[in-house]
Amino acid sequence: MNVSIITATYNSAVTVKDTVISVKEQCYPHIEHIIVDGVSKDNTLEIVTAANQRCLINQQKDSGIYDAMNRGISLAKGDIVGILNSDDFYADTSVIEKVVQLFNETGCEAVYGDLLYVDAADTTKIIRNWQAGPFKRENFLYGWMPPHPTFFVKREVYEKFGNFNLQLRSAADYELVLRFLYRHQIKASYLPEVLVHMRTGGQSNKSISNRIKANLEDRKAWKLNSLKPRIYTLFLKPLRKISQFFIKS
């Protein structure tokens, strides 16, 4: 199986080298790394090229990160598509090999695993361990979702059920996973290992107001799919995430 990894960049010079090297050093040989750049004003692309000259670079203005990701998906030629943000990196050199092996062993359409939140300045410092756990469709009713940077999907699933919904600004990844796993019930397999390290400081967690907006978008994601979440998803999940903001602060 060929694997396409998509990374959206915009003024990502501070962190993108780690991202590119973590893909380049994967022991699985059949990988294309697509860099979708929103016309960075810093030296992002110079750093990308210096780290791995084999990266496929597409540069043009976009309407946001999910628009860039959609462009990357349209360029992808791999059987499997993964998305790695420009401030994230793979946990070790065997991640893609293990992901492909699980696809082959189970015949599934999606694979996901665990994720570590790490300090933005000191990536050896662990902030939170996100253990996704085995897939159970009903868990979506209680606020569950897999860590999106660990979510690998067959390209044919995107072709069949669509890409990121640009009506959503911060919850398009949640809506896509909800659409694939809950609404269309594609077969997913859980790889019980840390696959990705993610730096803290994402846009939706920068403030309480951003966290509230993000949860309102989560609710909109259900409406877009003509679905009704349980009361936990509507009320208790937002309260839990707001409390986590205070803990992280």
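This text goes with the structure placed above it.
Presented here is an overview of the structure given in this document. All values reported here derive from a predicted model rather than from experimental measurement.

The subject of this paragraph is the overall build of the protein. The secondary structure content of the protein amounts to 8 helices and 9 strands. Counting over 249 residues, the protein shows a buried share of 52%. When the accessible surface of the protein is totalled, it reaches about 12000 Å², and 51% of it is carbon and sulfur.

Relative to the assigned elements, Gly72 resides in helix H3 (residues 65-75). Using a relative accessible area of 0% as the deciding quantity, one classes Gly72 as buried. On a C-alpha basis, the gap between Gly72 and Asn58 in space is 8.2 Å, while along the polypeptide they are 14 residues apart. With near-sequence residues (within four places) excluded, Gly72 lies in contact with Ile6, Ile34 and Val36.

With that out of the way, let us pick up the packing of aromatic side chains. Applying the stated criterion to the full structure yields 10 aromatic pairs. With a centroid separation of 5.7 Å and an interplanar angle of 70°, the aromatic rings of Tyr112 and Trp144 are classed as edge-to-face. Highlighted residues: Tyr112 in strand S6 (residues 110-118) and Trp144 in the loop between strand S7 (126-130) and strand S8 (152-154), separated in sequence by 32 residues. We note that Tyr112, like Trp144, is buried. An aromatic cluster is built from Tyr112, Phe135, Phe140, Trp144, Tyr182 and Tyr190, whose rings are joined through pairwise contacts.

The next subject is unusual backbone geometry. Excluding glycine, a negative phi dihedral is what most residues carry, and trans is how most peptide bonds are arranged. A positive phi is found at Val39, a non-glycine position, where the angle reads about 65°. Within the secondary structure, Val39 is located in the loop between strand S2 (31-37) and helix H2 (44-51). What makes Val39 partly exposed here is its relative accessible area of 31%. Backbone geometry places Gln185, a non-glycine residue, at a positive phi of 55°. Mapped onto the secondary structure, Gln185 falls in the loop between helix H6 (172-183) and strand S9 (188-199).

Before going further, it helps to examine the pairing of S6. With 9 of its 9 residues buried, S6 lies for the most part within the structure. As paired elements, S6 and S8 share 2 bridges and run antiparallel to each other. Pairing of Val111 across the sheet is with Phe152, part of S8. Where S6 meets S9, 8 bridges bridge the pair, whose relative direction is parallel. Note that in S9 the partner of Tyr117 across the bridge is Met198. Where S6 and S7 come together, 4 bridges link them in antiparallel fashion. Its bridge partner being in S7, Leu115 is matched across the sheet by Trp130.

Basis of the calculations
Residues numbered from 1 in each chain as written. Predicted model: local features only at pLDDT ≥ 70, side-chain atom pairs only at ≥ 80, totals over all residues. Heavy atoms only, no water. Helix = DSSP H or I, 4+ residues; strand = E, 2+ residues; numbered from the N terminus. Buried < 20%, exposed > 50% of the residue type's maximum accessible area, 1.4 Å probe, protein only. Areas by Shrake-Rupley, 256 points an atom, 1.4 Å probe, with all protein chains shown as cover. Contact = heavy atoms within 4.5 Å. Phe/Tyr/Trp six-rings, centres within 6.5 Å; stacked < 30°, edge-to-face > 60°. Pairing = 2+ DSSP bridges.

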